[in-house]
Amino acid sequence: MGITVNNKNCDKCGECVRLCPFAAIEMVGGFPVINAACKVCGICIKECGQSALILIDDVRGEADKGAWSGILVYGEMAGGRLHPVVRELVGKAHELAGGTASPKSNTEIYGVVMGEDTAAAANEFLSYGVDRVLTYEHEIFGCFRADSFSVAFADAIEHLRPSIVLTGATSIGRSLAPRTSTRLRTGLTADCTALEIKDGTDLVQIRPAFGGNIMAEIVTPRSRPQFATVRYKVMDEAPLVEPHGSIVPMKVTDAMKKSGIDVISVEKKPPSENISEAEVLVVGGKGLKSRADLETLKKLADRLGGQYAVTRPLVEAGWAPQSRQIGLSGRTVKPKVLLAFGVSGAVQFTAAIKGSERIFAVNTDPGAPIMDIAHYGVIGDLYEIIPGLLESGLLEQ
């Protein structure tokens, strides 16, 4: 369903613009125009005394794929710089561009940044080999406001018309992507762990489904752009290159400046350990018998200069905070070394550690799934192996 305007009946009063709660109507050339923010609530139709606004069937055919090309990466800001996930998204964009089976060669990669000061982030984008970066600079973008950011994001997409749009599966990305994809009436696959390109520029979006028991391949063949959010620490980072792209300052419109969100205060979260950034991880699973056993795990992690982490059952038991959980409902990690003790290796867990450089697994069950992805597997009792490691003196070498 959709709403259209019958200009013959319209008296150009502009009352519908004032009444719309979603700022979805603008006056263009003296007549109202319905934009992508329309939720088809019907208020404008009901209140229009001239019957100039009409509800219609919005039957959408297949998108003209030839009119959409390139890959757009959303440049989430963190402390004035790009969030680390952005570099991974650009790395995947370069990989997808090289594999795009499109008549057009040299698929372009774009970036978009919104903030009070976008210069550092935009230049950082260019250092990853991005061809063009669109910047929206205004005080309204000083703090994340989902409504203002989605208007600007949609504006960038309408300007560039990219075939693929990638955002990080962060708290901000998970709020912004669905709002923007809905405005553009296109599909979105969230929390992707892998992306591939099919013939015809269709993006294969791979993510766990049915509680993580299968890996689903999702395609959006009828609409463009193709939206996906991607988990942090899943993709390889883009290398630093000699910048060749350009920065394009964009107009910040009144619709972008209009927000229903008032920021009362901003308080910085105190710094804390992040297992996603750790180079060494010692992980405990449901093979641990008691909460006290975690202390031995922590001691081993300290001796190795790393951090401890756990699987979901231990978090649900209240033994560790959710910030220490590895898995699709927790954190994705990519350490140089990961030691797993008493971890069975369910798909929800293994999908979140597959980027690790070296995986060592200790389990009493030789048929545990973790053994299929571990580089080194030890069949043994963790209650003998961990104390043996701590007492052997090998960790001091």
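For the structure, see preceding data.
How each quantity is defined
Residues numbered from 1 in each chain as written. Predicted model: local features only at pLDDT ≥ 70, side-chain atom pairs only at ≥ 80, totals over all residues. Heavy atoms only, no water. Pairing = 2+ DSSP bridges. Helix = DSSP H or I, 4+ residues; strand = E, 2+ residues; numbered from the N terminus. Axes fitted to C-alpha atoms, helices over the stretch in contact; angles between N-to-C directions. Contact = heavy atoms within 4.5 Å. Salt bridge = Lys/Arg side-chain N within 4 Å of Asp/Glu carboxyl O. Buried < 20%, exposed > 50% of the residue type's maximum accessible area, 1.4 Å probe, protein only. Expected span 1.5 Å × (residues − 1). Arc of directions from axis to C-beta.

Colleague: Describe the sheet that holds strand β10 (residues 164-168), and please don't skip the residues or the numbers.
Modeller: Spatially, the 7 strands line up as an open sheet ordered β11-β15-β10-β5-β8-β9-β16, and their pairing is parallel. Sheet topology places β11 (188-192) and β16 (246-249) at the edges, where each strand pairs with a single neighbour. Taking each pair of neighbouring strands and ignoring which way they run, the sheet shows an average axis angle of 20 degrees. Examined bridge by bridge, β11 and strand β15 (residues 226-230) share 3 bridges and lie parallel to one another. By the bridge assignment, C192 is partnered in β15 with V230. Against the sheet, helix α4 (residues 119-126) touches β5 (71-74), β8 (109-115), β9 (132-137) and β16, its axis set at about 170 degrees to β9.

Colleague: Account for the environment of S69, naming residues and giving values.
Modeller: Along the chain, S69 falls in the loop between β4 (53-56) and β5. Along the backbone, S69 and P162 are 93 residues apart, and their C-alpha atoms lie at a distance of 4.7 Å.

Colleague: Before we move on, can you summarise the pattern of salt bridges with the specific residues and values?
Modeller: On inspection of all chains with the given rule, the structure shows 15 salt bridges. For the salt bridge of E108 with R132, the shortest nitrogen-to-oxygen distance reads 3.4 Å. On the criterion of sequence distance, the pair formed by E108 in the loop between α3 (84-99) and β8 and R132 in strand β9 is long-range, its members being 24 residues apart. Here E108 falls in the partly exposed class, since its relative accessible area comes to 31%. Classification of R132 by relative accessible area gives partly exposed; the value is 25%. R174 is the partner of D191 in a salt bridge, and the nearest nitrogen-oxygen pair spans 3.0 Å. Placement of D191 in strand β11 and of R174 in helix α6 (residues 171-183) is noted, with a sequence separation of 17 residues between them. Bridged by salt links that share partners, the residues K65, D202 and R224 form one connected network.

Colleague: Pulling in residues and values, what's your account of α6?
Modeller: A rise of 1.5 Å per residue sets the reference length of α6, with its 13 residues, at 18 Å; its end C-alpha atoms lie 19 Å apart and thus fit the reference within 8%. Among all positions in α6, only I172, G173, L176, A177, T180, S181 and R183 are buried. For α6, the arc enclosing every buried residue in end-on projection is 145 degrees, short of the 170-degree limit, so these residues lie on one face. Opposite the packed face of α6, turned more than 90 degrees from it, sit the exposed residues S171 and T182. On its buried side, α6 packs onto β5, α5 (146-160), β10, β11 and β15. At the C-terminal side of α6, R185 shows a positive phi close to 55 degrees.

Everything listed is a geometric property; what it means functionally is a separate question.
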